[in-house]
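Notes for the structure review
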Amino acid sequence: KLLHKIPAVFRSVFLSFFFVFLLYRRYGLWFRLRKLIIWLLGVYIAIPFLVKLCPAIQAKLVFLNFVRVPYFIDLKRPQDQGLNHTCNYYLQPEEDVTIGVWHTVPAALWKNARGKDQLWFEDALGSSHPVILYLHGNAGTRGGDHRVELYKVLSSLGYHVVTFDYRGWGDSIGSPSERGMTYDALHVFDWIKARSGDNPVYIWGHSLGTGVATNLVRRLCERETPPDALILESPFTNIREEARSHPFSVIYRYFPGFDWFFLDPITTSGIKFANDENVKYISCSLLILHAEDDPVVPFHLGKKLYNIAATSRSFRDYKVQFVPFHTDLGYRHKYIYRSPELPRILREFLGKSEHEHHH
């Protein structure tokens with residue numbers, strides 16, 4: 001009688017579990033299942049202690065530079081990814097460090113670029129087209145699918161796109177670190193400026209690349225050579241808040257001593273990516289793009305960063321803009337390039353930045 005009062009769906013689920021339980025008990029499988037549960041619980045408790053004892057594990061999880069997606073692509077051949085107007089370079093920011101760079105020319109130069117060598121591409125940076133230095137996020141390489149699609153969009157809008165793999169990513173040589181990534185970005189920026197003449201140079205950072213971008217731009221502003229604008233796509237406030245909000249942390253978020261076990265080792269490894277601090281020392285136009293349905297870097301972190309920047313005295317004479325993308329659009333963490341509104345957003349924002357640059 002009691003079972004009949006329970007809704008049919010729950011009744012069937014209950015009976016199924018009860019049946020499985022009897023089966024396990026009858027054939028001795030319940031004992032094995034119990035052993036498996038105890039083993040999983042042991043692993044669950046052991047992982048925080050392992051992370052605390054070996055902070056390098058957390059560093060690897062932040063960078064994910066060992067994850068190469070897509071696999072089996074030859075980074076020396078960007079044309080294999082549909083980038084027929086792209087040249088592959090190698091630069092050396094420091095001794096024992098070599099980084100792989102792609103330079104995609106604007107669509108207007110595509111025909112001229114065919115079959116040309118590195119020298120022609122370097123000279124092309126001096127043509128009357130703005131340049132975007134793109135700093136990608138963790139995992140994958142400069143040849144990642146969504147990254148390639150963004151290069152194509154930006155090229156079609158008339159921008160040179162220069163991107164690279166930080167030391168330890170892709171075919172770049174060296175060990176990853178926040179300091180090293182920032183220095184690599186500074187080296188590429190200076191390399192661009194030495195060739196681009198008076199053309200505007202913009203910095204575009206995505207995800208973890210926003211941390212590199214604000215580190216770089218803060219340094220550029222401090223030495224009084226700021227870029228013409230900074231674009232942050234899916235940014236966070238700082239790496240601790242991002243790690244706490246990341247989907248990977250869900251199973252441990254309420255674990256006693258979560259900060260001590262998981263967040264302190266990140267800081268111990270010298271990883272901060274403090275966007276919220278950096279924006280207080282940046283003086284150039286700032287555009288933030290963030291999708292409301294971003295599952296990796298929560299939307300509220302991007303909004304929080306905007307609120308910090310918008311009230312900062314360093315941006316007093318510059319435009320600070322936040323552009324949200326509604327959940328219904330489905331752009332999530334890395335598909336904002338699909339937005340038909342993106343060309344207009346960039347034209348209106350960077351047009352004003354170019355105006356500031358020339359005056």
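Conventions and cut-offs
- Residues numbered from 1 in each chain as written.
- Predicted model: local features only at pLDDT ≥ 70, side-chain atom pairs only at ≥ 80, totals over all residues.
- Heavy atoms only, no water.
- UniProt positions renumbered as here; feature names shortened; annotations may be inferred.
- Helix = DSSP H or I, 4+ residues; strand = E, 2+ residues; numbered from the N terminus.
- Buried < 20%, exposed > 50% of the residue type's maximum accessible area, 1.4 Å probe, protein only.
- Contact = heavy atoms within 4.5 Å.
- Areas by Shrake-Rupley, 256 points an atom, 1.4 Å probe, with all protein chains shown as cover.
- Lys, Arg positive; Asp, Glu negative; His and termini not counted.
- Charge placed at Lys NZ, Arg CZ, Asp CG, Glu CD.
- 1 Å grid on protein atoms, 1.4 Å probe; cavity = no way out; pocket = protein on both sides within 12 Å on 5 of 7 lines; lining within 4 Å.
- Points joined across faces, edges and corners; volume = space filled by probe spheres on them.
- Nonpolar A, V, L, I, M, F, W, Y, C, P; charged D, E, K, R; others polar.
- Pairing = 2+ DSSP bridges.
- Right-handed = clockwise from strand over helix to strand, strands pointing away.

By the naming in an unreviewed UniProt entry, the protein goes by Lysophosphatidylserine lipase ABHD12 and is assigned to Buteo japonicus. Within the UniProt record for the protein, the comment given under Subcellular location (unreviewed entry) is "Endoplasmic reticulum membrane". According to UniProt, the comment filed for the protein under the heading Sequence similarities (unreviewed entry) is "Belongs to the serine esterase family."

Turning to the overall build of the protein, a few remarks are in order. A count of helical and extended segments in the protein gives 14 helices and 8 strands. The principal-axis extent of the C-alpha atoms belonging to the protein is close to 80 × 45 × 40 Å. Counting only residues that meet the buried cut, the protein has 48% of its 359 residues in that class. Sequence separation of 24 or more characterises 75% of the internal contacts of the protein that already satisfy a separation of 6 or more. Just so you have it, the protein exposes about 18,200 Å², and 59% of that area is on carbon and sulfur atoms. Averaging the locations of the 42 positively and 35 negatively charged side chains of the protein gives two centres separated by 12 Å.

This model, assessed by the stated rule, comprises 1 cavity of 30 Å³ or more. Estimates place the volume of the largest cavity at around 40 Å³. As for the largest cavity, its lining consists of Tyr134, His146, Leu150, His206, Glu233, Lys334 and Tyr337. A per-class count over the lining of the largest cavity returns 3 nonpolar, 2 polar and 2 charged.

A separate point is the pairing of strand 7 (residues 285–291). Counting buried residues along strand 7, 7 of its 7 residues qualify, which places the element largely inside the surrounding structure. Because side chains alternate across strand 7, one face comprises the buried residues Ser285, Leu287, Leu289 and Ala291, and the other comprises Leu286, Ile288 and His290, equally buried. In this structure, strand 6 (residues 229–233) lies alongside strand 7, joined through 5 bridges in parallel fashion. Residue Glu233 lies in a different strand from strand 7, and its bridge partner there is Leu289. When strand 7 meets strand 8 (residues 320–325), the two strands line up parallel, connected through 6 bridges. The residue bridging Leu286 from the neighbouring strand is Val320, located in strand 8. For the crossover that starts at strand 7, traverses helix 13 (residues 299–310) and ends in the parallel strand 8, the hand is right-handed.

On to the UniProt feature "transmembrane region" (unreviewed entry) in the protein, then. This chain's UniProt record puts "transmembrane region" (unreviewed entry) on residues 6–24 and 36–53. Between the end C-alpha atoms of residues 36–53 there is a gap of 26 Å, over a span that is 100% helix and 0% strand.

Right, let's get into the UniProt feature "domain: AB hydrolase-1" (unreviewed entry) in the protein. The feature "domain: AB hydrolase-1" (unreviewed entry), as given by UniProt, occupies residues 130–235 in the numbering adopted here. Taken end to end, residues 130–235 is 43% helix and 20% strand, and its first and last C-alpha atoms sit 23 Å apart.

The next subject is the layout of surface pockets. Taken as a whole, the largest pocket spans an internal volume of roughly 1,000 Å³. Forming the walls of the largest pocket are 41 residues, and the residues nearest its centre are Leu61, Leu64, Asn138, His246 and Phe248. At the level of secondary structure, the elements contributing two or more residues to the lining of the largest pocket comprise helix 3 (29–53), helix 4 (55–63), helix 7 (145–156), helix 10 (239–245) and helix 11 (258–268). By residue number, the principal contributor to the lining of the largest pocket is helix 11, which donates 4 residues.

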